[in-house]
Amino acid sequence: MGTVQTVKIVITGPFSAGKTEFIQTVSEIDVVSTERKISSESERIKERTTVAMDFGRITVDDDLVLYLFGTPGQKRFDFMWEILSEGMLGFVVLIDSVRPETFREARMILDTFRAYAPTPYVVAANKQDMDDAWAVDDLRIALRIDPQIKLLPCVATDRESVRNILLELLYSILEELDAQEV
Amino acid sequence: MALKGNLRDFGITQLLNLVNLARKTGMLSIEAPTQEAKLSFKEGQLVYASLGSQDEHLAQVLFKAGKLTQEQTRTILARAGKTSDKRLGMMLIEVGYVTQDDILMSVGKHTQDIMFQVFSWSDGNFRFEPNMLPPEDRIAVPIKLENIIMEGTRRLKELEQLQDELPNLDMALRFTDRPGTNLRNINLGVEEWRVVSFINPRNTIRQIAQANSMSDFQIRRIVYGMLQAGLVELVRPEGMEKVPVTRPGTRAVTPSPAQSRRPPPVKRSVVERLIKRIKRL
């Protein structure tokens, strides 16, 4: 029996941006998460919060599996980011379009991951189905995202939306591979 | 789509930058704990501002600017207090009290003064209503937001905030490609022009500061202002060891090495298989 190749895409973003939902929407296994006692006021936004990584899986075929890793949103788990970024194909930065108070943190996460691994990435403006969501064009300016970087509308609970985000990332990876071959 | 939030999370400088770059038309209402402001924009330019419940009459604006005497102002308010600003302006020009330039400059300054007061607000709910225009009877004087942002930023004093916004001085800068952006109509101070002359993707911000004998705080303040005004953008530094500073006649600045790109750790065929699989989700 041959070895199964595993590849990794990291889903990152601020606390409560929708990383768990994003992975859960497309993963064939339930996302690994662990309940813990909520200790800070800000974490009461969520019913439960994760301390382990979010982890999802998509089996491609008999010898290829894609793992989706979600970074912990809380600042005290920053050390996990460097570990997760090793060997990843690319990453998705999820933005909470409804909470401008998280934009600064999103920008910091984006800069951090770009520094760890200059692999392709896309930015997904999540919760675009909500009335209070900032428009994608406004988010690009607000977060100072380069025009060449894909910034895509996203609803993390919608399978088609999540599929679109992953596809766009994969297309970017292909473009990068083609550029390296030239 | 709503553009709303609180200044605690998204500051006034960032808001103005967004309005400017997106060339928005509409009204921005800000409710601070003790005051309220309404700012009108047309295609990314500030055209009108009011503070609190009072909406100052043209006569009062002209008096404050020194274009009318107290006596003239009293008379006008008594006789034409309900006349629209536009109509009153024409009447004052006709009788020779003021010129059109006087009116435009005074109203423009009044608008800017309100804007600079709002700049100091760090807390307050804001909401942008697209396409809402200023009151019909008021005189709208377009003011470029880049200048407002630069001046407002010059007044910005908190070192902590600058460090937060621009933590990494080992990034480089380049001019943005926005159509219509040029440096001629932008008012920059001497120190800012000195920085402009060094802007090049091969020079990091730290190197520019060293070349100009500027402190971290000084260079952060200048670069932050330019970033917020959309004149420049941050980039990874290019080039390797022997790249000189662009401005002739100055001492060479040793560049820091640029970060090299790594190819994704995967073959093309694997990515194609992934794409095929994801499409089937």
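Residues numbered from 1 in each chain as written. Chains lettered and ligands numbered in written order. Predicted model: local features only at pLDDT ≥ 70, side-chain atom pairs only at ≥ 80, totals over all residues.

Draft legend 1. Region of the structure containing helix α10 (residues 216-228) of chain B. All names here are of chain B. In this model, α10 (13 residues) spans 18 Å end to end at C-alpha, consistent with the 18 Å of a helix rising 1.5 Å per residue. All of the buried residues in α10 are I219, R220, R221, I222, V223, G225, M226, L227 and Q228. Trailing α10 by a residue or two, G230 shows a phi angle of about 75°, which is positive. (Helix = DSSP H or I, 4+ residues; strand = E, 2+ residues; numbered from the N terminus. Expected span 1.5 Å × (residues − 1). Buried ≥ 20, exposed ≤ 12 C-beta atoms within 10 Å, placed from the backbone.)

Draft legend 2. Looking closely at the sheet that holds strand β5 (residues 121-126) of chain A. All names here are of chain A. Ordered in space as β2-β3-β1-β4-β5-β6, the 6 strands form an open sheet in which the pairing is mixed. With one partner strand each, in any of the chains shown, β2 (54-61) and β6 (151-153) form the two edges of the open sheet. Between one strand and the next, the sheet's axes are offset by a mean angle of 25°, whatever the strand orientation. Judged from the 7 bridges that link them, strand β1 (residues 5-12) and strand β3 (residues 64-70) form a sheet pairing that is parallel. When the bridges of β3 are listed, T6 appears paired with V65. (Pairing = 2+ DSSP bridges. Axes fitted to C-alpha atoms, helices over the stretch in contact; angles between N-to-C directions.)

Draft legend 3. Focus on the packing of helix α5 (residues 159-181) of chain A against helix α11 (residues 268-279) of chain B. α11 of chain B packs onto α5 of chain A with a crossing angle of 165° between their chain directions and a minimal axis gap of 10 Å. Between α5 of chain A and α11 of chain B, the angle is such that the two are roughly antiparallel. As for how α5 of chain A packs across α11 of chain B, the hand of that crossing is left-handed. For the pair α5 of chain A and α11 of chain B, the contacting residues are R163, L166, L167, L170, I173, L174 and L177 of chain A in the first and R268, V271, L274, I275, I278 and K279 of chain B in the second. Across the contact of α5 of chain A with α11 of chain B, the residue classes tally to 10 nonpolar, no polar and 3 charged. (Parallel < 35°, antiparallel > 145°, perpendicular 65-115°, else oblique. Left-handed = near helix turned anticlockwise from the far one by under 90°. Contact = placed C-beta atoms within 7 Å. Nonpolar A, V, L, I, M, F, W, Y, C, P; charged D, E, K, R; others polar.)

Draft legend 4. Just the interface of chain A and chain B, in detail. At the interface, 35 residues of chain A touch 29 residues of chain B. At the level of secondary structure, the elements contributing two or more residues to the side of chain A that touches chain B comprise β2, β3, α4 (136-142) and α5 of chain A. The greatest single-element share of the side of chain A that touches chain B, amounting to 10 residues, is contributed by α5 of chain A. Here the side of chain A that touches chain B is composed, by residue class, of 22 nonpolar, 4 polar and 9 charged.

Draft legend 5. Summary view of unusual backbone geometry. Its identity as a non-glycine residue notwithstanding, K127 of chain A has a phi of 70°, on the positive side. The residue K127 of chain A is located in the loop between β5 and α4 in this model. Note on K127 of chain A: 23 C-beta atoms within 10 Å, which makes it buried. A positive phi angle, near 50°, is found at R23 of chain B, a position not held by glycine. Position of R23 of chain B relative to the elements: it lies in the loop between α1 (12-21) and β2 (26-31).

Draft legend 6. Broad picture of the nonpolar core. By size, the foremost hydrophobic cluster in this structure holds 106 residues, and its most contacted members are I9, V92, V93, I95 and A124 of chain A together with L46 of chain B. A domain split of this core shows at least three residues from each of domain 1 (3-147) and domain 2 (157-262) of chain B. Apart from the residues lying within four places of it in its own chain, the contact partners of L46 of chain B are L39, F41, T111, M115, I143, L145 and I148 of chain B. (Core = buried A, V, L, I, M, F, W, Y, C linked by C-beta atoms within 7 Å. Domains from an automatic or database assignment.)

Draft legend 7. Seen up close, the sheet that holds strand β5 (residues 125-130) of chain B. Residue and element names in this part refer to chain B. A sheet is described by the order of its strands in space; here 5 strands give the open sequence β1-β5-β2-β3-β4, paired in antiparallel fashion. A single partner strand is all that each edge strand has here, and the edge strands are β1 (3-6) and β4 (45-51). Here the average twist between neighbouring strands, direction ignored, is 15°. By the bridge criterion, 6 bridges tie β2 to strand β3 (residues 36-42) in an arrangement that is antiparallel. Bridged to L28 within β3 is L39.

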